[in-house]
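One-letter residues, chain by chain:
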Amino acid sequence: QVRLVESGGGLVQPGGSLRLSCETSGFTFSRYAMHWYRQAPGKEREFVAGITSADGRTDYANSVAGRFTISRDNPKNTVYLQMNSLKPEDTAIYYCKIMGTGYWGQGTQVTVSS
């Protein structure tokens, strides 16, 4: 079955960095675009970043553009989110998703606080 497992979250100070990973299985990873979303307490889930399947084109929410980088390793069936210059408003649960499907991971908590 399809599985998406996020990892790499944690507590970090403002200005710090984290790298999230989403390891996948159960489908042909290289054929699908992948997305990262996040959900902060009391807010709706929002798009963070996306990467296409074939040519690796990327797209970012305005709030993270220039600070976050999405990438993928097709042989490892894994998508990453490098997060730099983190801000308290980046605090949320981060989820990966297969674009165009209802498959989500369980999420990983990112907390940015001094």
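Draft legend 1. The arrangement of the overall build of the chain in detail. Assigned secondary structure in the chain consists of zero helices and ten strands. Along its sequence from the N terminus, the chain presents helices and strands in the succession β-β-β-β-β-β-β-β-β-β. In terms of overall size, the chain behaves like a compact globule, its C-alpha atoms giving a radius of gyration of 13 Å where 114 residues would be expected to give roughly 13 Å. Seen through its C-alpha atoms, the chain measures out along the principal axes to roughly 40 × 25 × 25 Å. For the chain, the proportion of its 114 residues judged to be buried stands at 40%. When contacts within the chain are restricted to residue pairs at least 6 apart in sequence, those whose partners lie at least 24 apart make up 53%. The centroid of the 12 positive side-chain charges in the chain is displaced by 3 Å from the centroid of its 9 negative side-chain charges.

Draft legend 2. Local environment of the pattern of salt bridges. On inspection of all chains with the given rule, the structure shows four salt bridges. The salt bridge involving D90 is made with R38; its shortest N-O contact spans 2.9 Å. Of this pair, D90 sits in the loop between β8 (78–83) and β9 (92–98) while R38 sits in strand β4 (residues 34–39), and the two are 52 residues apart along the sequence. Each member of the pair D90 and R38 is classed as buried. Here the salt bridges do not stand alone but share partners, grouping R38, E46, R67 and D90 into one network.

Rules used in this analysis
Residues numbered from 1 in each chain as written. Predicted model: local features only at pLDDT ≥ 70, side-chain atom pairs only at ≥ 80, totals over all residues. Heavy atoms only, no water. Helix = DSSP H or I, 4+ residues; strand = E, 2+ residues; numbered from the N terminus. Rg over C-alpha atoms; globule rule 2.2 N^0.38 Å. Buried < 20%, exposed > 50% of the residue type's maximum accessible area, 1.4 Å probe, protein only. Contact = heavy atoms within 4.5 Å. Lys, Arg positive; Asp, Glu negative; His and termini not counted. Charge placed at Lys NZ, Arg CZ, Asp CG, Glu CD. Salt bridge = Lys/Arg side-chain N within 4 Å of Asp/Glu carboxyl O.

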